[in-house]
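Per-entry structural report
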Amino acid sequence: MKILELEIDEKLEGKSLEKILRENLGLSRREVSRAKFQLKGICIDGRRQRITYRPSVGQNLQVRLEELQEEKSRVKPCAGELEILYEDRDLLVTEKPGGMPCHPGRGHYEDTLGNRVAEYLQKQGEGGIVRAVGRLDKDTFGLMVYAKNQMAAARLSAQKQDGRFQKIYYALVKGKLEQREGEITASIAPIPGEKLKMQIHPQGKTACTRYQVLEERENCTLVKCRIFTGRTHQIRVHMAGIGHPLLGDVIYGDGQNPVFEGLALYAGRVEFYQPFTQEKIVLWGRAAKKWEV
């Protein structure tokens, strides 16, 4: 169950509860309808009220929202270190190490980030249901966002659709780029017969990546990337396609990374809005902030 609380101030006094629920708490018509038919679904100072009620300053509004259906976790909780960058009643943001899968799958059933998140949520009394908002490839490291309830997950998914939820990636690519910034628009498709490898192909799915050079180094360049589509290996395929594969990329490059071990792709910044308060949240990973100062 999700419980929302709001103290009535001068700006809200005299407004109907229906308007407050829709305009100030961001509930959909369907959620308002569900709440008003629940026992103590919409209460003022602990007493159930109709949505036509107009509260006074200092009164406390409480709304109870039941989950649409009971969920069962398919992710086995397993203990492990978890680096938490942000947490509130609805969200959890962690940093995934490179080489670790996001979710359980073939050959990885108990050693994924999802297993660790399930263990943490279960210990916190959150039920242990893992609701990831987006994903990262196994070799990519960086920020992962999880929702603690169905309503938060739905709102964050909607933000991804309308562009308000954004992930910024940082990559070390081979060589020096001719342009300081640019946009790569090239469709991506699987390579027939290859299990993981993708390719630029006119018959593939539309993909768009925008990049900006942050720093030129001796044999490589640090770039910031934003993707407008979420295709498999998108940044890796696009940067290799313009002749600048990522360091450490064993699929689209030579696999060499003289800077550090592994793939040089980091989901280092995420921006979104708290699904209920609409407060803008901007989070940086360990290394990303210093790159943009």
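A brief look at the structure comes next. (Residues numbered from 1 in each chain as written. Predicted model: local features only at pLDDT ≥ 70, side-chain atom pairs only at ≥ 80, totals over all residues. Heavy atoms only, no water.)

Examining the side chain of E95
- Inspection of the secondary structure assignment puts E95 in strand β6 (residues 91-96).
- In this structure the side chain of E95 is engaged in a polar contact, spanning 3.1 Å, whose partner is the side chain of Y266.
- Side-chain polar atoms of E95 contact the side chain of R286, separated by 2.9 Å.
- Those residues in contact with E95 that sit more than four places away from it in its chain are E83, L85, G142, L143, Y266, G285 and R286. (Helix = DSSP H or I, 4+ residues; strand = E, 2+ residues; numbered from the N terminus. Polar contact = N/O pair within 3.5 Å; in protein donor to acceptor, adjacent residues only side chain to side chain. Contact = heavy atoms within 4.5 Å.)

Notes on helix α5 (residues 234-241)
- Within α5, six of the eight residues are buried, which leaves it mostly tucked inside the rest of the structure.
- Of the residues making up α5, those classed as buried are Q234, I235, R236, V237, H238 and M239.
- Positive phi appears at G243, one or two residues downstream of α5, with a value of about 90°. (Buried < 20%, exposed > 50% of the residue type's maximum accessible area, 1.4 Å probe, protein only.)

Observations concerning unusual backbone geometry
- Despite not being glycine, K40 has its phi angle at roughly 55°, a positive value.
- The topology assignment puts K40 in the loop between α2 (29-36) and β2 (42-44).
- Exposure remark for K40: the relative accessible area of 44% places this residue in the partly exposed category.
- A positive phi angle, near 50°, is found at D45, a position not held by glycine.
- Take D45: it is sitting in the loop between β2 and β3 (47-48).

What to know about the sheet that holds strand β1 (residues 2-7)
- Spatially, four strands are ordered β1-β4-β2-β3 in an open sheet, and the strand pairing comes out antiparallel. Strand pairing shows two members of the sheet lacking a second neighbour, β1 and β3, which therefore form its edges.
- Across two bridges, the pairing between β2 and β3 is antiparallel. Looking across to β3, one finds that C43 is bridged to R48.
- Along the sheet, helix α1 (residues 17-24) makes contact with β1, β2 and β4 (60-65), crossing β4 at roughly 70°.
- Sitting on the sheet, α2 touches β2, β3 and β4, and the angle it makes with β4 is about 95°. (Pairing = 2+ DSSP bridges. Axes fitted to C-alpha atoms, helices over the stretch in contact; angles between N-to-C directions.)

Things to note about the pattern of salt bridges
- Summed over the entire model, instances satisfying the criterion amount to 16 salt bridges.
- With its nearest N and O atoms 3.1 Å apart, the salt bridge here joins K15 to E23.
- Judged by relative accessible area, which is 54%, E23 ranks as exposed.
- K280 is paired through a salt bridge with E271; the nearest N and O atoms lie 4.0 Å apart. (Salt bridge = Lys/Arg side-chain N within 4 Å of Asp/Glu carboxyl O.)

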